[in-house]
Amino acid sequence: MTVLGIGISYGLATLFAMFSGMPIAFALGAVAVVFMAIYMPTASLDTVTQNVYEEMASITLLSIPLFILKGAAIGKSRAGQDLYSALHAWLHRVPGGLGVANVFACALFAAMAGSSPATCSAIGSAGIPEMRKRGYSGGFAAGIIAAGGTLGILLPPSITMILFAVAAEKSLGRLFLAGIGPGLLLVTLFGIYAMFRFRKEYAAARAAYDATGADAAILQRDEFTMADRFNALPRVLPFVLLLTGVMIALYGGYATPSETAGLGGLLALGLIAVIYSVWKPSDLEPILKSTIRESTMLMMIIGMSLLYSYVMSYLHISQSAAEAIVAMHLPRWELLVAILLMVIVLGFFLPPVSIILMTAPIILPPLRAANFDIIWFGVVMTIVMEMGLIHPPVGLNIFVIRNVAPDIPLSEVIWGTLPFVLLMMLAVLLLCFFPGISTWLPDLVMGPESAR
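Predicted, not measured: the structure shown is a model, and the values here were computed from it. (Residues numbered from 1 in each chain as written. Predicted model: local features only at pLDDT ≥ 70, side-chain atom pairs only at ≥ 80, totals over all residues. Heavy atoms only, no water.)

Looking at helix α20 (residues 436-446)
Buried residues of α20: Ser438, Thr439, Leu441 and Pro442, and no others. Along the long axis of α20, the arc covered by the buried residues comes to 160°, so they all point the same way. Where α20 is buried, its residues meet α10 (172-212), α17 (374-389) and α19 (410-433). At the exit of α20 stands Gly447, carrying a positive phi of roughly 85°. (Buried < 20%, exposed > 50% of the residue type's maximum accessible area, 1.4 Å probe, protein only. Helix = DSSP H or I, 4+ residues; strand = E, 2+ residues; numbered from the N terminus. Arc of directions from axis to C-beta. Contact = heavy atoms within 4.5 Å.)

Focus on helix α1 (residues 3-19)
Taking 1.5 Å per residue, 17 residues should reach 24 Å; α1 reaches 24 Å between its end C-alpha atoms and fits that length. Three or more residues of α1 are buried, namely Gly5, Ile6, Tyr10, Thr14, Ala17 and Met18. Phi for Gly21, located one or two positions after α1, is positive at around 90°. (Expected span 1.5 Å × (residues − 1).)

Notes on the confidence of the model for the chain
Overall, the prediction assigns the chain a mean pLDDT of 80, with 91% of residues at 70 or greater. By mean pLDDT, the top-scoring element of the chain is α19 (90), and the lowest-scoring one is helix α14 (residues 317-327) (70). (pLDDT = per-residue confidence, 0-100.)

Quick notes on the packing of helix α9 (residues 159-168) against helix α16 (residues 352-369)
Angle between the axes and distance between the axes are the two parameters that describe a pair of packed helices. Axis separation between α9 and α16 bottoms out at 9 Å; the angle between their running directions is 40°. Classified by the interaxial angle, the pair formed by α9 and α16 is oblique. At the point where α9 passes α16, the crossing takes the right-handed sense. Every residue of α16 that contacts α9 at Thr160, Leu163, Phe164, Ala167 and Ala168 is listed here: Pro352, Val353, Ile356, Ala360, Leu364 and Arg368. Looking at side-chain class alone, the contact of α9 with α16 contains 9 nonpolar, 1 polar and 1 charged residues. (Axes fitted to C-alpha atoms, helices over the stretch in contact; angles between N-to-C directions. Parallel < 35°, antiparallel > 145°, perpendicular 65-115°, else oblique. Left-handed = near helix turned anticlockwise from the far one by under 90°. Nonpolar A, V, L, I, M, F, W, Y, C, P; charged D, E, K, R; others polar.)

Some remarks on the environment of Met342
Mapping Met342 onto the fold places it in helix α15 (residues 332-347). Excluding residues within four positions of it along the chain, Met342 makes contact with Thr359 and Ile363.

Quick notes on the packing of aromatic side chains
According to the stated counting rule, one finds 12 aromatic pairs in the structure shown. Judged by centre distance (6.4 Å) and plane angle (50°), the ring pair of Phe164 and Phe377 falls under tilted. Of this pair, Phe164 sits in helix α9 while Phe377 sits in helix α17, and the two are 213 residues apart along the sequence. Look at Phe164 and you get buried, because its relative accessible area is 3%. (Phe/Tyr/Trp six-rings, centres within 6.5 Å; stacked < 30°, edge-to-face > 60°.)

With respect to the packing of helix α8 (residues 138-149) against α10
Running from N to C, α8 and α10 cross one another at 180°; their axes reach a closest spacing of 11 Å. Taken together, the axis directions place α8 and α10 in an arrangement best described as roughly antiparallel. In this structure, α8 contributes Phe140, Ile144, Ala147 and Gly148 to the contact, and α10 contributes Phe190, Ala194, Arg197, Phe198 and Glu201. Here the residues of the contact of α8 with α10 sort into 6 nonpolar, 1 polar and 2 charged.

A word on the environment of Met226
Residue position: Met226 is located in helix α11 (residues 226-251). Residue Met226 is classed as partly exposed on the basis of its relative accessible area of 46%. Separated by 136 residues in the primary sequence, Met226 and Trp90 have C-alpha atoms spaced 9.0 Å apart.

Structure, rendered in structure tokens:
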């Protein structure tokens, strides 16, 4: 069979395994092993475990379970709710301030957790009930949290960026810094939309009140005195110290990413032990269980994805696909658009972890040949993959929201997230026209990459 035929059958087998309901890790691993048995020497099957182990034996990947531990420590305690409450106290006078507060809470939590589902779950469990209680529509409340949760794979320390840095063989610190500017851009866009959407819902409620006298919760306003606001500040200070300590250790050159992840995990556990008295084994059990469950799931996906990519490379599927793209002789921007469209389609079915590990061998060589900045592309690709977290049919964050707020119909959740998908597309366009949004900070802190 030709390479094209093998590649098509490989893709169809993968889709069949995915749609069968099999867990992603086992689906990828099963397809890889079957094609090894059919097309590769028999002896190669004896090296499956060795290949998976060697691919995963990266000190950079060690940081993933440690960052997950840090996020679980915050998300499974009252710390996440306190962060949200403090932000609400300061932003309640802003139109849609409750929605804006949730966006900022998601951004801050994402910067500590590095995981989109963890951010969605932690902030959504407190934020969605509060927004619903104050009259926000279900779709609006769900959309804000689902979209805000995607910041977990863009703002450092992002697990997705860790994997991209490994796949692209690029500086993780540089990639982390490159994500900060675009992350702040998305926070700004989400906040502006939250204010606009609130004004629209408030105007509709006011019109109904004027016409029928029917009161609505959205017309009520919370009041916080200046004393209440300052009393809320101590709730944010521990998070600021945690975030500052981790960033100084990483970007100051005092610790490697893996050591920084360990430091962040220990600081988070110390924070909840001292402030929230979470230190008993019964208190730590849900934190450790959540960490083990999510870490195991991610590491299994990573290991099987690497095996899947190894088989693709051995069978020359990756190389042939790259050669086919290059052979089209597309102009560099058309090449970029074609690759991003492919990533969007994959986002319908696969999580970011699998997309990176499966496509990196295919897309990076032609991008390098077209003289694209790979660090910049990593940020753009991350934003595009964020869209996959909030659009069907997979939309991982959508299902996290369904678990947090089962009373909101799935259709409302989906329609609530679509405006944020459009905002992410706008962010990608801005990055294409103004790449300095992502490159200025790493150049400032670490110097131009060409000079290193």
